[in-house]
Amino acid sequence: AGVPSDKIEASVIEVWNKIDLLPALDYVPPEAIPISAEDGTGLVDLLSVVDAVVMAQVKLQRRTVSFPESSMPEVLAFLRQHGNVDNESLVVEEG
């Protein structure tokens, strides 16, 4: 699918469903994802574009996570392997 990068960054995905009912795909704009929920046509392409949109947005976001101190080594190892750790701090909550 030829989705323009500006649409991916803006989280816009144009999807045309029911392409199984069209005589030809000439009607579908080139930036749209043609799919058929009925027979599954185009779903792999759609999932690839959704993944690209999510990844583009995730890269722009920063998250603060909290977890039990006992899990810190495992969680930090996972986060370092699958993302970026900008800052580490320990806050002990009373009560």
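In what follows, the structure referred to is the one given above.
Bear in mind that the values here come from a model prediction, so they are computed numbers and not experimental data.

Asker: Tell me what's going on with the overall build of the chain, and back it up with residues and numbers.
Answerer: Along its length, the chain carries three helices and two strands. Rg of the C-alpha trace for the chain: 20 Å, well past the compact-globule value of 12 Å for 95 residues, more than 25% over. Along the first, second and third principal axes, the C-alpha set of the chain runs to 65 × 25 × 25 Å. For the chain, the residues scored as buried account for 16% of the 95 residues in total. A fraction of 31% describes how many contacts in the chain between residues 6 or more apart in sequence connect residues 24 or more apart. Summed over its atoms, the accessible surface of the chain is roughly 7,500 Å², and 53% of this surface lies on carbon and sulfur atoms. Measuring between centres, the 6 positive side-chain charges of the chain sit 5 Å from its 16 negative side-chain charges.

Asker: Account for the environment of Asp 39, with residues named and values stated.
Answerer: With respect to the helices, strands and loops of the structure, Asp 39 is situated in the loop between strand E2 (33-34) and helix H2 (43-58). Once the C-alpha coordinates of Asp 39 and Asp 20 are considered, the two residues, 19 residues apart in sequence, prove to be 7.8 Å apart. For Asp 39, the side chain forms a polar contact with the side chain of Ser 36, separated by 3.1 Å. Side-chain polar atoms of Asp 39 contact the side chain of Thr 41, separated by 2.7 Å.

Asker: Let's hear about unusual backbone geometry: which residues, and what values?
Answerer: In this structure, Lys 18 takes a positive phi of about 70° despite not being glycine. Assessed through its relative accessible area of 52%, Lys 18 is described here as exposed.

The rules we used
Residues numbered from 1 in each chain as written. Predicted model: local features only at pLDDT ≥ 70, side-chain atom pairs only at ≥ 80, totals over all residues. Heavy atoms only, no water. Helix = DSSP H or I, 4+ residues; strand = E, 2+ residues; numbered from the N terminus. Rg over C-alpha atoms; globule rule 2.2 N^0.38 Å. Buried < 20%, exposed > 50% of the residue type's maximum accessible area, 1.4 Å probe, protein only. Contact = heavy atoms within 4.5 Å. Areas by Shrake-Rupley, 256 points an atom, 1.4 Å probe, with all protein chains shown as cover. Lys, Arg positive; Asp, Glu negative; His and termini not counted. Charge placed at Lys NZ, Arg CZ, Asp CG, Glu CD. Polar contact = N/O pair within 3.5 Å; in protein donor to acceptor, adjacent residues only side chain to side chain.

On their own, these measurements won't tell you what the molecule is for.
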